[in-house]
Amino acid sequence: LDDGIVYSTDDAVRRLHRPRRYEGNPVLKVDRPWESAGGGVYLFGGTVLYDEEDGVFKMWYRASSPTGHGPTGLGEGGYKACYATSTDGLTWEKPNLGLREIDGSKDNNVLPPAKDGMQFIRRPNLIKDYEESDPERRYKMIYMDNIEGSWGLSKGFSADGMHWDMNVGEPHRFERPVAPNGVL
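Cut-offs used in this document
- Residues numbered from 1 in each chain as written.
- Predicted model: local features only at pLDDT ≥ 70, side-chain atom pairs only at ≥ 80, totals over all residues.
- Heavy atoms only, no water.
- Helix = DSSP H or I, 4+ residues; strand = E, 2+ residues; numbered from the N terminus.
- Buried < 20%, exposed > 50% of the residue type's maximum accessible area, 1.4 Å probe, protein only.
- Core = buried A, V, L, I, M, F, W, Y, C linked by side-chain atoms within 4.5 Å.
- Contact = heavy atoms within 4.5 Å.
- Polar contact = N/O pair within 3.5 Å; in protein donor to acceptor, adjacent residues only side chain to side chain.
- Pairing = 2+ DSSP bridges.

**Student:** Whenever I open this one, unusual backbone geometry confuses me. Can you help?
**Tutor:** With the exception of glycine, most residues fall at negative phi, and the peptide bonds are largely trans. For the bond running from Asn25 to Pro26, omega is -5°, close enough to zero to count as cis. Positive phi values are uncommon outside glycine, yet Asp11 reaches one of about 55°. One can find Asp11 in the segment before strand 1 (41-51). Judged by relative accessible area, Asp11 falls into the exposed class, the value being 87%. Phi at Asn167 is positive, roughly 50°, even though this residue is not glycine. Among the structural elements, Asn167 can be located in the loop between strand 7 (164-165) and strand 8 (172-173).

So this is what it looks like as structure tokens:
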């Protein structure tokens, strides 16, 4: 809110308004079986962006499914990334992607699990690179996965934000006692 990085403010006035809580909160509600386990749904460490080409908001959010095994207490793929879209940023649709089987059905909005490690997609952080020359790499994601008992920062690429080439290249591993648990 300061002018630390502002070069110029010609013909502009800063006007701060008192924020008001939106009465329709939460805008993203648990309404699917795969969202109700663990911590429910949350955006902490996820991404919302406005796609200028498609003219819609896109959200990659997280749902957890604790199963009590593995080094983190979650089974493989226990941290799931889900996808939703909105025209106004308040009302969200969760399209059927048909990409991952959950309880015997692919009728869901869950992205496929990451490759290698525990197959987590934890804290999915994305951008859409409008200047990327390779159409298969327009969307770029970094996410956390547990690889051989330590947390690693992995990356993926996608043409559409739904179908991903995951765990591209070598992940950056965090050695103990570092266990990143914040937003990337």
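**Student:** I would appreciate a short explanation of the nonpolar core in the present structure.
**Tutor:** As a rule of thumb, nonpolar side chains are buried together in soluble globular proteins. In this structure, Trp60, Leu111, Ile121, Met141, Tyr143, Trp164 and Met166 are the most contacted members of the largest nonpolar core, which totals 14 residues. Breaking this core down by element, the ones donating at least two residues are strand 3 (74-86) and strand 5 (139-147). Considering each element in turn, this core owes the most residues, 3 residues, to strand 5. Aside from chain neighbours lying at most four places away, what touches Trp60 is Leu43, Gly46, Thr47, Leu49, Cys82, Tyr83, Leu111, Pro124, Leu126, Tyr139, Gly161 and Trp164. Formed by 11 residues, the second largest nonpolar core is a distinct cluster that contains Trp34, Tyr61, Cys82 and Ala84.

**Student:** Quick question: what am I supposed to make of the side chain of Lys128 here?
**Tutor:** Counting through the fold element by element, Lys128 comes out in strand 4 (residues 122-128). You can call Lys128 buried: its relative accessible area is 12%. Within the structure, Lys128 has its side chain in polar contact with the side chain of Glu53 (distance 2.7 Å). In this structure Lys128 touches Leu49, Asp51, Glu53, Asp54, Arg138 and Tyr139, once residues within four positions along its chain are discounted.

**Student:** Which parts of the structure should I look at to understand the pairing of strand 6 (residues 150-158)?
**Tutor:** Across the 9 residues that make up strand 6, a large majority, 7, are buried. As paired strands, strand 5 and strand 6 are joined by 9 bridges and run antiparallel to one another. Looking across to strand 6, one finds that Tyr139 is bridged to Ser158. Once strand 5 ends, the chain turns through 2 residues before running back antiparallel as strand 6, passing Glu148 with a positive phi of about 55°. With 2 bridges joining them, strand 6 and strand 8 adopt antiparallel strand pairing. By the bridge assignment, Gly152 is partnered in strand 8 with Arg173. One ladder, built from 2 bridges, connects strand 6 with strand 7; its direction is antiparallel. By the bridge assignment for strand 7, Phe157 is matched with Asp165.

Note that every value here comes from positions in space, so none of it alone points to a role or purpose.
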